[in-house]
Every structure is written in C-alpha cells, then in structure tokens.
Amino acid sequence: MIPTAIPRPRSEDEIGPRQPGALYQTDTGAYEVLVLITDPGEAAQLLRRKDAQWALIVRDVLRADSEPHATGAAWTSDDRLVRPGRAPAAFVPAA
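Anyway, here's the lowdown on the structure attached to this text. It should be emphasised that the depicted structure is a prediction, and the values quoted were computed from it without experimental measurement.

Section: the overall build of the protein
In step 1: Within the protein one finds 2 helices and 5 strands.
In step 2: Along the chain direction, N to C, the helices and strands of the protein fall in the order α-β-β-α-β-β-β.
In step 3: Looking at the 95 residues of the protein, the share that counts as buried comes to 28%.
In step 4: Of the contacts formed within the protein by residues at least 6 apart in sequence, a portion of 52% connects residues at least 24 apart.
In step 5: Put simply, the protein shows about 7,000 Å² of open surface, and 56% of that area lies on carbon and sulfur atoms.

Section: the side chain of serine 66
In step 1: As for its placement among the helices and strands, serine 66 is situated in the loop between β3 (55-60) and β4 (69-71).
In step 2: At 3.0 Å, the side chain of serine 66 forms a polar contact with the backbone nitrogen of aspartate 60.

Some thoughts on the side chain of threonine 26
In step 1: Considering the arrangement of structural elements, one finds threonine 26 in strand β1 (residues 23-26).
In step 2: Using a relative accessible area of 16% as the deciding quantity, one classes threonine 26 as buried.
In step 3: Of note is the side chain of threonine 26, whose polar atom sits 2.9 Å from the side chain of threonine 28.

With respect to the pattern of salt bridges
In step 1: Taken as a whole and judged by the stated rule, the model has 6 salt bridges.
In step 2: Note that aspartate 13 is salt-bridged to arginine 10, the shortest N-O span being 3.6 Å.
In step 3: Through salt bridges with shared partners, a single ionic network connects Arg10, Glu12 and Asp13.

Focus: the packing of aromatic side chains
In step 1: Under the defined criterion, the tally for this structure stands at 2 aromatic pairs.
In step 2: Each ring, one from tyrosine 24 and one from tyrosine 31, has its centre 5.6 Å from the other, and the planes form 40°; the classification is tilted. Each of the two residues, tyrosine 24 as well as tyrosine 31, counts as buried.
In step 3: Each member of the aromatic cluster is reached from another via a ring pair, and the members are Tyr24, Tyr31 and Trp75.
In step 4: The lysine or arginine in question, arginine 18, covers the ring of tyrosine 24, its NZ or CZ lying 5.1 Å from the ring centre.

Thresholds, definitions, all that
Residues numbered from 1 in each chain as written. Predicted model: local features only at pLDDT ≥ 70, side-chain atom pairs only at ≥ 80, totals over all residues. Heavy atoms only, no water. Helix = DSSP H or I, 4+ residues; strand = E, 2+ residues; numbered from the N terminus. Buried < 20%, exposed > 50% of the residue type's maximum accessible area, 1.4 Å probe, protein only. Contact = heavy atoms within 4.5 Å. Areas by Shrake-Rupley, 256 points an atom, 1.4 Å probe, with all protein chains shown as cover. Polar contact = N/O pair within 3.5 Å; in protein donor to acceptor, adjacent residues only side chain to side chain. Salt bridge = Lys/Arg side-chain N within 4 Å of Asp/Glu carboxyl O. Phe/Tyr/Trp six-rings, centres within 6.5 Å; stacked < 30°, edge-to-face > 60°. Lys NZ or Arg CZ within 6 Å of the ring centre and 35° of its normal.

Spatial relationships are all this shows, so hold off on functional conclusions.
Pasting the structure below:
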C-alpha cells in the first residue's frame, strides 16, 4: 500500500477571518490584526520558517505594554472573532 499525502490546509483556512482591523480572542489573549502578509517569501523571513505561506502582525489588546509581533498560528475552532476586520480594498485603476 502506497501512503497517501495528507493535503496541506489552504492558507485561507489557516488565516480564518483575521483581516486587518479584526479583533479575535484565543486562550492566550485578545489580538488586533495590524497586518496580514500573504507573500510566502516575506512570511518565511518574518517567521523564520522556510515553509511559511502567510503571517500576521498582531497586538495583544489586553496588555498595556504589548508590542506588535508576528504570528503564524492557524485559526482554530477554539478561536473567537470579536470584531471583523475590513475587507481588502479592491484595486481600481487610475483614470
């Protein structure tokens, strides 16, 4: 029997509803999404992981001394969206 490869989750599924401006809560804190990075090269460099496909820069809103930091933690069923972010602006060519 030939082992079958387990398909890698899609980046959209791992990111979940976390668009810039979104506020979400996990068991470790409540975070505001400042930046969503979907360029694999930039994400890999930021997270120091060769296989990174995306990254978020977030800030823990429950800690007054929180500094923005990068994360590649996937969205799980335990995470909770508190406030949706703004959808990416559509590209409109200049007239």
